[in-house]
Every structure is written in structure tokens, then in C-alpha cells.
Amino acid sequence: MSIELRNISKKFGHFSALKDINLEIAEGELVALLGPSGCGKTTLLRIIAGLERPDSGHVMLNGVDKTSHHVSSRGIGFVFQHYALFRHMTVFDNVAFGLRVKPRRDRPSEAQIKQKVSSLLALVQLEWLGERFPDQLSGGQRQRIALARALAVEPEVLLLDEPFGALDASVRKDLRQWLRDLHQELHVTSIFVTHDQEEAMEVASQVVVLHNGNIEQQGSPADIYDYPRNAFVSKFIGQTNILSWRDLRREWLDEASLPGEQPGDGAVAHIRPHNISVEKAVSDIDTPLTIKDWQHLGAIIRIELRYPQLQAEHGSVIYAEMPTERFRELHLEKGDAVAVHIKHAQWFN
Amino acid sequence: MLKPISAMSAGSLQALNDPAWVRWSLIGFAFAFIALFLCAPLGLVLYQALAKGWDAYLNALTHPDALAALRLTLVVALITVPLNTVFGIAAAWAITRFEFPGKSLLETLIDLPFSVSPVISGLIFVLMFGSQGWFGEWLSAQHIKIIFATPGIVIATLFITFPFVARELIPLMQEMGNEEEEAALSLGASGWRTFFQVTLPNIKWALLYGVLLCNARAMGEFGAVSVVSGHIRGLTNTLPLHIEVCYNDYDAVGAFASASILAGLAVVTLILKTLLEWKQSRA
């Protein structure tokens, strides 16, 4: 089901949670609503679900205006951050709930329900847990049961509120991959809320970045990473070096061949660490950069470059990244002078 | 009492183990207090009720006035407890699920019957519905009798037992949040279905506990009911009022026989309460 939001606004008291949001999501996408806490992403998700009413604007599902439709008639599945499993029901009854509350003419027989629930439990790989109660399950198991329960009514949209927020790091990693696979299998339009940019980039096919109740950018993970539309998105997604034009010496810029147009005086350059390639300095070049330290991140090395004149956000340090093998070949030592070449930079005012 | 604190700084283990004589004298004191002020009176009630033998006891209980009082008490409880159960659930729902202006005022007002002396609440109803009261003329014109009649007793009891169910439910429902209900709605359940299949099972033990306390108070209320009832024997006397009337007539057996019924109710309430608390802790 395609989703279209038109001019959605929502206030809580005097606080504007969402300001005139317009968003289109094509059928079959797996979308991440990404933003820092308090940016309005959960409110937006709840408005799509019908759990919250917008002050103005329209929610269109498959081209039909469903703004005034009750949550129970929107054909959505909602997975809550804290699972919200019915604590007094077994896992089986939890998953069967949505089928059993259907009006009599649509309700499957008990045998069909049993078969459907079993296949859903198999889908989330927890078939042996049917008779347990929610408080006997681990966090990851509860989350998967909550997902099976939402899928039981065959929703046309799956909405997930911080689905991995309350889980251990290792479980979270597994579940991310699993959610991706599941989406590829079912192809149901899905939206999940997260504040973790890594999670959004890893799982989603489309990322929507929210900030202060506005959509800052929408696009594929690669788009957003490589072509952030503004300084907020660039800073929020991935690591970036933020260098102010005032702090950069002209000669050094030429030498590093910093790309982009000649910016104004208040401009800042955002440069991803992997877009800075580091070479050992040849003796006759005057370079201000020396190696301060480095960290092994597995296949890549993150190098900290000291640049004394710089008033950058991280102190006077620029981060660069390169493959570990390349780093070995260069035989760099702490304190070595280095020359850099900047492959790509984004200028923001 | 300062000593254990200085001992705690020396070593917490020592501080946690008070000397045996402290422990045993405190425990002994607690039990002696309960025996003197709770068990002894209860025993005395039974002793006095049976002082002239079983026959006198049964005669006192089956006296028409006693039976009428028992019947009225049951009628009042049967009306007020269900009404206040519904009200308690509605109030707890409104307070924990909605945001509205005046919410904290409502929360405070629910406690009002706890903070007002029951006699005052009785008097308020006399002032409102009595023959000299605000609605008095209109009511007598319609031939409706509220004060010195069953409706007045029901209204006074309703007021007194207002808070019990809501007070039990509000903290529980606040702690549970409404995610489970939202989940049920998102799965296509109707509001009623969500209430009966999701909310009610989660609050049932607290609800029963509130109903139990509400019932105990509805049957035992004296002050407010005494003011509005008029003490008409066989007509507007509830059990507590009947006891007072018998006692004032120097009918000790009559008074204590009826008292034994209320005391029995209290014991049953306590046992059920303990069972419910045990259930709740396991739920």
C-alpha cells in the first residue's frame, strides 16, 4: 500500500511536534524515520497508524483519505517499542488475537486460526513457544512475537516504533538482518522509527531524516550519506569532519585540492573521513598535518591528524580513514608529517 | 534508637542484626497490641452474643427488626457496590487514559469522601433533600421521599464508598500504560472487546480488591447513614444502626448478635483480601 502524507501538523500544547509534513512512500518500501529524540518521528508514525490525530493535514493510504478512519479499520500492523504483548495470554493467543476479533463473517475457523498462527510462529522461528506467556520470553523473542501478531491480520502497512530500541546490541544486529530478510520475503510496505543512523542505513531502502518536526531529507541511504542536503543531515548521518572556511589556509586548500565552489566567508566544509586520502609527506612540501594517533576498526583504520591552526568541532583534529592494508604499506608513525588529498566535500553555509 | 545508626557505620552486618531482645520485644509488643485492641473485642462480641445461649442468639437474629435491618443492608450494598464499581472503572479510565483540563481536580475530588467526616456528608444530604432542604418542597410535591427512607441511605452510602474502586485502579492503570489497548485496537478489536479482553483481565484482581473494600464499607457505614435514616425500626435501620438501637435498649444479646454478623463479614473480607493480595503478587 502506498502512503501519502499531506500538510500534516501536530501540536502538543505549545510544542510543535510536526510542522507541515509532506511525504510520499511507494508500495513495498522499507522506510526508516530517522531523527534525534523529540524530532516528531514517533508522532508521525502514530498519526499514520491512527493512534494519534493530526491537527491538520491528510493521511492517504492507497490514494484514499483515511485521516478520520479509526486505527482498527486502517489495515495497518503496529509493533510497539515495548512489545505491548497481552500479558495474560499465551503466545499463541496473542498471535491469534487479531484473527479472533474479526467480525463473524470474516473470521476464520478455529482450525484455520491454528494453522495460520503456527505458520506465523514458524515465520518468526519461534514455533515451540506457543504455550508460553510473554514474561517467560527474552526481549528478542517478545519482539518477534509482537511482529507475528501484527502480521496475523495481513496488514497492508507495517509500522514499527523503535523496534530494536530495547534490545541488547548483539540481538539487535541479528534482528536487523532478520527484519530485512522478512521484508524481502513479504514485500509489505513497512515504516520503522529509529534514532540510530547506522540501523536506518543498514535496514532501510528509503531513509527519511526528521529534525524539529520537519523533514530534512528523504532518499536512499547512499543518497543521504553522499549528498546530504544540509549541515544537520550531514552531521547526523555518519562521521564527518566539519571545517570552517575561516580556519583553512588557501595554500593548504589548493594542495589538498579541496573540491567544490569558492564558498562565502561563513561557509563550512563537511568531509567524510574516507574522502580524505593520506600520503606520507614528501620533504619539500610544507604541510601542517601530523599523525596524532590511529584506531583499528577491523578492515579500516581511522587516523587522527593534528592540524594546529584548526578550530574544528573535535578540537584541532581531522579524521581520515583508509583500508588497513594500505595503512600497513605506508609505514606511518605517530608524529609523521602527512599530505592529504580530499576527494569529496560538501559546503554548507 | 541512635545506637543502631552508629553501629551501622561500624559495619552494616552488625547494624542489620539488632540484638535478640530488641527484636523479640518489638514483635511481642505488636502481637500484644493486636490481641488487646483487635482480637479481644472480637472475642467479646462473640462472647456477649452467646452469653444467654444459642437460642437467645438465634432469636435475636431472627427478630423481625434484625431481619429487616439485614435485608436493608444487603439491598443498599447490592445497589451501591455495582454503581461504584462502574463509576470507579470509568473514573480510573478517564484519569489514566485521557488528558483534559481539570484532571487533577477530579483526582482530588474522588478522595473527598475520605476527607470529609461521614456525619457531615449525611447532613449535606439532609440539607439538600430533607423537607427543609433545597429540593425538599419539589420532592414532597412529587411525593418522593429521600431522607428518612431507603433512597437517602443509598445516596449516603454511594457517596461514602465512592473512592474505593477508583483508588485501587488508578495507580495500577497508570503503571500499565495503554500500549496493550492500542495494540488490540490496531489489530481490529472494538473498544468494548478491548476493554473486556485486554483491560479487564489485567486489572481484575485490583478491581475485585476494590469491590471488596467498597462492599465492606457499604455494609458497615454508620455515620452518614445514621443522619439520613431516621432510625425507623424495621424500615430504615441498617445493621449498624440496628446494633446501636438494641444497645441503647439494653438488649446486649440483640446488639452483639447482629454485631457478630458484621464481624463475620469483616473476617471474611480479610481472608478474601489476603487471598487477592496473594493472587495479585503472582499475577
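Our subject is the structure that appears above.
Asker: Describe in detail the pattern of salt bridges, supporting the description with residues and values.
Answerer: Going through the model one piece at a time under the given rule, you end up with 24 salt bridges over all chains. Close ionic contact of R87 of chain A with E180 of chain B constitutes a salt bridge, the shortest N to O distance being 2.7 Å. In this pair, R87 of chain A sits in the loop between β6 (76–79) and α2 (91–100) while E180 of chain B sits in helix α12 (residues 179–186), so the two residues belong to two different chains. Of the charged contacts, one joins R326 of chain A and E279 of chain A as a salt bridge, the two residues approaching to 3.2 Å between their closest N and O atoms. Of this pair, R326 of chain A sits in helix α10 (residues 324–330) while E279 of chain A is found in strand β13 (residues 276–280), placing the two residues 47 residues apart along the sequence.

Asker: Could you give me a rundown of the pairing of strand β16 (residues 317–323) of chain A, with the residues and numbers involved?
Answerer: All names here are of chain A. Burial analysis of β16 places six of its seven residues in the buried class, which makes it a mostly covered element. In the sheet, strand β15 (residues 300–306) pairs with β16 via seven bridges, with the strands oriented antiparallel. Residue R302 lies in a different strand from β16, and its bridge partner there is E321.

Asker: Now, about unusual backbone geometry: what can you tell me, with residues and values included?
Answerer: Residues and elements named next belong to chain A. The phi dihedral of N62 is positive, around 55 degrees, even though this residue is not glycine. Classification of N62 as partly exposed rests on a relative accessible area of 40%. Although it is not a glycine, H331 sits at a positive phi angle of roughly 50 degrees. Looking at where H331 falls in the secondary structure, it is placed in the loop between α10 and β17 (338–342).

Asker: Describe the packing of aromatic side chains, with residues and values.
Answerer: Following the criterion strictly, the structure yields 16 aromatic pairs over all chains and no others. Note on F86 of chain A and F97 of chain A: the rings are 4.7 Å apart at their centroids and 55 degrees apart in plane angle, and the pair reads as tilted. One end of the pair, F86 of chain A, is in the loop between β6 and α2; the other, F97 of chain A, is in helix α2, and eleven residues separate them in sequence. No difference in accessibility class separates F86 of chain A from F97 of chain A, as the two residues are buried. Taken together, the ring pairs in this structure connect W93, W192, F195 and F196 of chain B into an aromatic cluster.

Rules used throughout
- Residues numbered from 1 in each chain as written.
- Chains lettered and ligands numbered in written order.
- Predicted model: local features only at pLDDT ≥ 70, side-chain atom pairs only at ≥ 80, totals over all residues.
- Heavy atoms only, no water.
- Salt bridge = Lys/Arg side-chain N within 4 Å of Asp/Glu carboxyl O.
- Helix = DSSP H or I, 4+ residues; strand = E, 2+ residues; numbered from the N terminus.
- Buried < 20%, exposed > 50% of the residue type's maximum accessible area, 1.4 Å probe, protein only.
- Pairing = 2+ DSSP bridges.
- Phe/Tyr/Trp six-rings, centres within 6.5 Å; stacked < 30°, edge-to-face > 60°.

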